Amino acid sequence: MTPDERREAMLDLADPDRTCSPEAVRRLTVLGLAEPTGKTGVRLTSAGWSELGEPGRRFRGHGPLRA
């Protein structure tokens, strides 16, 4: 999984209007960037959110996502 593919898969999880591919979600889970929630849900871990943030900075919380 390339960095661009990882970023797209994480954006798919973060944005409810986008659809996720089960294979990409599985790969994110293996990499520790996503974790299962409940029976069918998946969410980004703090590592996943940090990777979506600006390089060298901590994720700032709510607001527009920057890729």
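Further up the page is the structure itself.
Conventions used here
- Residues numbered from 1 in each chain as written.
- Predicted model: local features only at pLDDT ≥ 70, side-chain atom pairs only at ≥ 80, totals over all residues.
- Heavy atoms only, no water.
- Helix = DSSP H or I, 4+ residues; strand = E, 2+ residues; numbered from the N terminus.
- Buried < 20%, exposed > 50% of the residue type's maximum accessible area, 1.4 Å probe, protein only.
- Contact = heavy atoms within 4.5 Å.
- Areas by Shrake-Rupley, 256 points an atom, 1.4 Å probe, with all protein chains shown as cover.
- Salt bridge = Lys/Arg side-chain N within 4 Å of Asp/Glu carboxyl O.
- Axes fitted to C-alpha atoms, helices over the stretch in contact; angles between N-to-C directions.
- Parallel < 35°, antiparallel > 145°, perpendicular 65-115°, else oblique.
- Nonpolar A, V, L, I, M, F, W, Y, C, P; charged D, E, K, R; others polar.
- Arc of directions from axis to C-beta.

Chemist: Quick one: what's the story with the overall build of the chain, residue by residue and with numbers?
Modeler: Tallying secondary structure elements over the chain gives 3 helices and 2 strands in all. Starting at the N terminus and ending at the C terminus, the chain contains elements arranged as α-α-β-β-α. Counting over 67 residues, the chain shows a buried share of 24%. Long-range pairs, those at least 24 residues apart, make up 29% of the contacts in the chain with a sequence separation of at least 6. Approximately 4900 Å² of the chain is accessible, and the part contributed by carbon and sulfur atoms is 51%.

Chemist: Explain the pattern of salt bridges residue by residue, including any values.
Modeler: Throughout the structure, instances matching the rule amount to 7 salt bridges. Of the charged contacts in the structure, one is a salt bridge between Arg 18 and Glu 8, with a shortest N-O distance of 2.5 Å. Note that Arg 18 is positioned in the loop between helix H1 (3-14) and helix H2 (22-31) and Glu 8 in helix H1, a separation of 10 residues in sequence. For the salt bridge of Glu 23 with Arg 27, the shortest nitrogen-to-oxygen distance reads 3.3 Å. You can see Glu 23 and its partner Arg 27 sitting in helix H2, 4 residues apart, about one turn around the helix. Classification of Arg 27 by relative accessible area gives partly exposed; the value is 36%. Several salt bridges converge on common partners, so that one network encompasses Glu 8, Asp 12 and Arg 18.

Chemist: Could you give an account of the packing of H1 against H2, with specific residues and numbers?
Modeler: With their axes 10 Å apart at the nearest point, H1 and H2 run at an angle of 105° to one another. Taken together, H1 and H2 sit at an angle that is classed as roughly perpendicular. On the side of H1, the interface is formed by Arg 6, Ala 9, Met 10 and Leu 13, while H2 contributes Ala 24, Val 25, Leu 28 and Leu 31. Residue classes in the contact of H1 with H2 are distributed as 7 nonpolar, no polar and 1 charged.

Chemist: Outline H2, supporting the account with residue identities and numerical values.
Modeler: Within H2, burial applies to Ala 24, Val 25 and Leu 28. Along the axis of H2, the buried residues cluster in a sector spanning 100°; they form a single face. Among the exposed residues of H2, those pointing more than 90 degrees away from its buried face are Pro 22 and Val 30. Where the residues of H2 are buried, they touch H1, strand E1 (34-37) and strand E2 (41-44). Of the residues trailing H2, Gly 32 is marked for its positive phi of about 85°.

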